[in-house]
Amino acid sequence: MQPFKQRLKKPARQLRSNLTDAEQALWQKVRRKQIQGVQFYRQKPLLNFIVDFYCSKAQLVIELDGGQHFEPEYLQKDIARDKALNELGLKVLRFDNHQVLIEMDAVLAVIDRVVEERLNNI
């Protein structure tokens, strides 16, 4: 099990109750082991962060980014966050919300391919 701060449990529960449209759409496609038979979790605490989606078996994190993530302040935070997660051996995939809502099949194809690769190399 990956380490996380206990103080993040309550905010993670709140986030699970208030998914964005993109998060809700992707959740419908990855839940219940629909991708490569692996379990995904949503709004999962890891380290000091709450990641959008996490698959422990494939050691994969999926982040969905709204428009604010393209501002310099958020970009720097995302880079630091990805680095910390990578140091745990996790692969981080990032998609913007628009991409998820408009190009779902392409997003799912990338996730499926990466999960398969990760499962074959772990």
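Keep in mind it's a predicted model, so treat the numbers as computed, not measured.

Across five bridges, the pairing between strand β1 (residues 41–46) and strand β2 (residues 49–55) is antiparallel. Bridge pairing links arginine 42 to phenylalanine 53 in β2. Between β1 and β2, which pair antiparallel and follow one another directly, the connecting turn spans two residues, one of which, leucine 47, has a positive phi of 50°.

Once that is clear, we can look at the pattern of salt bridges. Summed over all chains, the structure comprises six salt bridges. The residue arginine 94 makes a salt bridge to aspartate 65 at a minimum N-O spacing of 2.7 Å. In this pair, arginine 94 sits in strand β4 (residues 91–96) while aspartate 65 sits in strand β3 (residues 60–65), placing the two residues 29 residues apart along the sequence. Arginine 94 gets classed as partly exposed once you look at its relative accessible area, which sits at 24%. For arginine 113, the salt bridge identified is with glutamate 117, shortest N-O distance 3.2 Å. Note that arginine 113 and glutamate 117 are positioned in helix α5 (residues 104–121) at a spacing of four residues, about one turn of the helix.

Two elements in contact, helix α2 (residues 21–30) and α5, have axes separated by 11 Å at closest approach and are oriented at 50°. One element, α2, and the other, α5, form an angle in the oblique class. α5 is crossed by α2, and the crossing has right-handed handedness. Listed contacts from α5 to Ala25, Leu26, Lys29 and Val30 of α2 are Met104, Val107, Leu108 and Ile111.

The subject of this paragraph is the packing of aromatic side chains. Considering all chains together, one arrives at one aromatic pair under this definition. Consider the rings of tryptophan 27 and phenylalanine 53, whose centres lie 6.2 Å apart with planes at 20°: the pair is stacked. Here the residue tryptophan 27 occupies a position in helix α2, and phenylalanine 53 occupies one in strand β2, the gap between them amounting to 26 residues. Across this residue pair, the class does not change: tryptophan 27 and phenylalanine 53 are buried.

The rules behind the values
- Residues numbered from 1 in each chain as written.
- Predicted model: local features only at pLDDT ≥ 70, side-chain atom pairs only at ≥ 80, totals over all residues.
- Heavy atoms only, no water.
- Pairing = 2+ DSSP bridges.
- Helix = DSSP H or I, 4+ residues; strand = E, 2+ residues; numbered from the N terminus.
- Salt bridge = Lys/Arg side-chain N within 4 Å of Asp/Glu carboxyl O.
- Buried < 20%, exposed > 50% of the residue type's maximum accessible area, 1.4 Å probe, protein only.
- Axes fitted to C-alpha atoms, helices over the stretch in contact; angles between N-to-C directions.
- Parallel < 35°, antiparallel > 145°, perpendicular 65-115°, else oblique.
- Left-handed = near helix turned anticlockwise from the far one by under 90°.
- Contact = heavy atoms within 4.5 Å.
- Phe/Tyr/Trp six-rings, centres within 6.5 Å; stacked < 30°, edge-to-face > 60°.

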